[in-house]
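Chain by chain, the residues run as shown.
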Amino acid sequence: MTDRRDEFSPDASSPPLEMERREFLRLAGATAALAGLAGCSRQPKALRPYVVPPDGWIPGAKTFYATAMPWEGFGRGILVETHEGRPTKIEGNPRHRDSGGSTDAITQASIRDLYDPDRSAAPVRQGTVASWADFSQDWLPRWERLRAAQGDGWGIVIEPTTSPTLRRLIGEWSKAFPKARWYQHTALARYDRAGTQEDYRFAAADVVLAIGSDFLLNHPAALRYTREFAQRRKIDQGRLNANRLYVIESAWTVTGGMADERLVLAPSRFEPVLRAISDGLNGRDDFASLGETERDFAAKVIADLRRVRGTGLCLAGPEQSASVRTWTELANRLLASEGRTVISGAAMRGDGDAGCAGGLAELTAALNAVQVRQVCILGANPVYTSPNGSEFREALAKAEYSVHFGQYLDETGEGCQWHLPESHYLEAWGDLRGYDGTLLMQQPLIEPLRQGKSAIEMMHWLTTGLAAEGYDIVRGGYSVDEETWREWLNAGVASGSGGLSRGGARGPHALFDIESGTAKHESGSIELVIRAEPYLRDGRYANNAWLQELPRPFTSLVWDNALWVSPEMAQREKLATGDVLRLTVKNRSVEAPVVVVNGTADGCAIAELGGGRRRADGSGKGGGFDAFALRGESETERWLGRAAWERTGRSMPLVQIQTEMETEDRHPIWQFAAADTEHLQPREDPAISLFPTPPPGSPAAASAPVHHRWAMLIDLSSCTGCSACVAACQAENNTPSVGKDQCGRGRHMHWIRVDRYWTDGGTRSAPQPVPCMQCEKAPCELVCPVGATVHSSEGLNEMVYNRCVGTRYCSNNCPYKVRRFNFFDFRAPRESPLHLQENPAVTVRARGVMEKCSYCVQRIDEARIASEREHRPLRDGELRTACQQACPAEAIVFGDLSDPNSAVLRRKRERTHYALLAELNTHPRTTYLARMVNPSV
């Protein structure tokens, strides 16, 4: 046999070259990846480059534009990142005081709604696709007759809004059609009381008493409130000026999770406790009607509020009864808090404006009495969100002519003769006011992707019968010069606006009490607390897969809502998570699965709105149960009541991302009391290691010179667990949604997860965001057979997607379990507009690769290129990761450890600094500051 070694060996006399197993698999993995690109991925399309690009257009460069997002009628200032004219990412506008440069999960996910393929594309007439010309031809003759009759028999439904332009148009419509009626409908809470709106100053509040209020998450000013509250939980130059938060609630909220003292009560017990607190503040200590736990809590609150005159703050959630909200108003007067921690002013949202004919109950009566024969519903979905949807649906069917205007062909659109598509807020001109009173300008970021019109354009057409551009309508309402107008649009904020019109302090209230407003106890029933779903709200975001798949605080549920019950009730009644109960309120019944949640009031059931959509496409269809069927007509019965319950004998699967919330004495979260701050000792690295440090002078100890050492710090004292970081990471890094089935198999793809643990015997809850730890001694790198996970000279644990062959050894060897594997191709179909949202700076992964947090390496490269172009070093703070930028609590710090003046290095030197699973000696670059609590002593 001929020896052919000379054909491939440099030395024919030497033995055949050997290749290490890892090197072979690395090359084989790269070859397989390239073959996959050629043979299995999508066919490439021909690209046509710019021949003459537009002026000022830099291909690949991102541009930010200021606009505003509507949030329950108020506005939030945002900046929208665009690439070649398509919006891809949302950030907070630092010029808006409410936003402060941060966002929440709903704002981050709203970019996906813009490209939602299920959004209405064209007018629909009784189930048949039509056009705007068809509607115009059908409507204008009717409109002429209405104008001649001064609007007699015409009704319009609109949600409360702070938009000056839209409110102006409603006034013009009322003048043009004096016999017509307009109604307001919102399924969510009102933020005013008797025309007065209260704003709070948490930065100045030393003691806060929150009664059923989730002001850190579900409030128009939650971003500002979170930022101000969290600032009082940070250690500044070794000193801590901590506030104290007391919370009374029936079930966990994000605000309750931050409480220093939390009292879990059924709503029927709120008033006795508040009565005892008011007696104590009035100088009469009477706790005879309270239990031991209630008595201890009331005594602590009284002592603290007596101590902090002028810097105390009491607030109640907008869902609470009128008597409870009145109690907080009088308490703030007694504590001399008005004008200091509480600012009162005129309500801005227009709830119950002069000229409004009422709400949905009044409209239903008018339809049944044939007083309203032609109705236009703008933006709302009352058939789904009304307390008795079937009753309103039947009344709506009696109308001679009905029009629904909205982004989706929903339950109400299906029940109307015409459905007209509404444009997304990123496609429309408009204006809004923030909760702080700031005037925000809303400008479109993209030409309409559908045939939608804005509410402003629609309202103008209904008033004048003429079509007009949204820009002209909005601009016509402001008499400022063009230079000022351009300045407003560029900044997104009208200069000089902002701040509630302050009411004068009314002086301390000598005595106050609380009137009974709670439903009486009924035997054989359970107290019912109804509240908005934290991410879907009233169901309007049900078609957003990002929000559906975002784990809910405290339950970690995805893709469903469920009925919360306490462990005590579950044990007593032999209930388990997933068991289906039938709840009945008066003659209305609904079946709902149960989720057992620690920290829920015994004898209570917590029902969250937003599930059980009957008419929704894609992600929103069929998940959860419809809690609207349990609501009553009155303001109190919309949120509180009693329900009879019975077993159905059935169960349904619920998917919880985190099923174990006990620490099992492993202490992943280091918690300390504020009083012990000065006595804390920093934690030392363990002497024993699974990955021992090589001896000095050995080849393994040698390291290449580095210019940057990137690191992250997460302050657990500030983190509320709101999951804004998770949604921001998903939008920035093209992370897919995988659906309920895959989540149930443990295959969710979020690069950050927010773990939550019960502490102090289950009386407290602590969240802990966990991204990739970017270990300096990374266990994942040691076991990858193809070298797909490698370490950069700047300390990043990187993934080379083309090498990965899917062994998943790295995931098995990761003690933090932060690596995600693409079991399937979760990318949208080729023809889907969802591709337009993808960040072009981040690879869109196909199936079969491992992916994880990369410290937003694309942002690192972008900042580095910018600094090199300007011939300067990177400045501390100019580089921000997506999660850091979104965080309203400013709990995440990112920077360069090589910079001796960097914020991340300075904060890592604090005495409360520690590493998760430090005993493994993996030397993670992502570390934590311990969680501070400030209980009363």
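Residues numbered from 1 in each chain as written. Predicted model: local features only at pLDDT ≥ 70, side-chain atom pairs only at ≥ 80, totals over all residues. Heavy atoms only, no water.

Things to note about the sheet that holds strand S3 (residues 86–92)
Rules: At least two bridges found by DSSP between two strands is the condition for calling them paired. Put simply, DSSP H or I for four residues or longer makes a helix, DSSP E for two residues or longer makes a strand, and each gets a number counted from the N terminus. Here, axes are lines fitted to C-alpha atoms. For helices the fit covers the stretch in contact, and angles between N-to-C directions go from 0 to 180 degrees. Any pair of residues with heavy atoms lying within 4.5 Å of one another is described as a contacting pair.
The sheet built from three strands is open, its strands ordered S1-S2-S3 with antiparallel pairing. Where the open sheet ends on each side, the last strands, each with one partner, are strand S1 (62–71) and S3. Each neighbouring strand pair of the sheet contributes to a mean axis angle of 35°, computed without reference to strand direction. Strand contacts of helix H2 (residues 105–114): S1, strand S2 (74–83) and S3, with the helix running at about 170° to S3, the strand carrying the most contacts.

Some points on a negative patch on the surface
Operational definition: Patch criteria: residues need more than 30% relative accessible area and no salt bridge. Like-charged residues are merged within 9 Å; nonpolar side chains of Val, Leu, Ile, Met, Phe, Trp and Tyr are merged within 5 Å. Each accessible area value is a Shrake-Rupley result obtained with a 1.4 Å probe; residue values ignore everything except the protein chains displayed when judging cover. Salt bridges, as used here, are contacts in which a Lys or Arg side-chain nitrogen is within 4 Å of a carboxyl oxygen on Asp or Glu. Charge counting treats Lys and Arg as positive and Asp and Glu as negative, with His and both chain ends excluded. Taken as the charge centre is NZ of Lys, CZ of Arg, CG of Asp or CD of Glu, depending on the residue. Throughout this description, buried means an accessible area under 20% of the type-specific maximum (1.4 Å probe, protein chains only), exposed means over 50%, and partly exposed covers the range between.
Taken together, Glu-660, Glu-662, Glu-664 and Asp-665 make up a surface patch of like negative charges. Note that Glu-664 resides in the loop between strand S27 (655–656) and strand S28 (671–673). Of the residues examined, Glu-664 reaches a relative accessible area of 51% and is grouped as exposed.

Concerning the confidence of the model for the protein chain
Rule in force here: Across the chain, each position has a pLDDT score giving the predictor's confidence in that residue, from 0 to 100.
The pLDDT averaged across the protein chain works out to 86; a share of 88% of its residues lies at or above 70. Counting interchain partners and residues more than four positions distant, the pLDDT-below-50 stretch residues 698–705 has three contacts.

Observations regarding the nonpolar core
In a soluble, globular protein the nonpolar side chains are often hidden away together inside. Put simply, the rule is: What we call a nonpolar core is a set of buried Ala, Val, Leu, Ile, Met, Phe, Trp, Tyr and Cys residues that are connected through their side-chain atoms within 4.5 Å.
Judged by nonpolar contacts, the single largest core of 101 residues is most densely connected at Phe-202, Phe-215 and Leu-245. Among all residues touching Leu-245, those that are not within four sequence positions of it are Val-208, Ala-210, Phe-215, Phe-229, Thr-255, Met-258, Ala-259, Asp-260 and Glu-261. Ranked by size, the runner-up nonpolar core spans 43 residues in total, among them Leu-563, Val-594, Leu-640 and Met-661.

Remarks on the pattern of salt bridges
Within the structure shown, the criterion is met by 55 salt bridges. The salt bridge involving Arg-119 is made with Glu-427; its shortest N-O contact spans 3.1 Å. On the criterion of sequence distance, the pair formed by Arg-119 in the loop between H2 and strand S4 (124–125) and Glu-427 in the loop between strand S17 (418–421) and strand S18 (430–433) is long-range, its members being 308 residues apart. Glu-427 gets classed as buried once you look at its relative accessible area, which sits at 7%.

Digging into the environment of Arg-747
Assignment of secondary structure puts Arg-747 in the loop between helix H20 (740–744) and strand S30 (753–759). Overall, the relative accessible area of 22% leaves Arg-747 in the partly exposed class. Sequence separation between Arg-747 and Ser-737 is ten residues; the distance between their C-alpha atoms is 10.0 Å. In contact with Arg-747, other than residues within four places in its own chain, are Val-738, Gln-742, Phe-823 and Phe-824.

Structural notes on the pairing of S30
Most of S30 is tucked away, with six of its seven residues classed as buried. Strand direction decides the pairing type here: S30 and strand S31 (residues 764–770), joined by seven bridges, are antiparallel. Bridge assignment links Arg-753 to a residue of S31, and that residue is Val-770. Linking S30 back to S31 in an antiparallel pair, the connection comprises four residues, with Asp-760 at a positive phi of about 50°.

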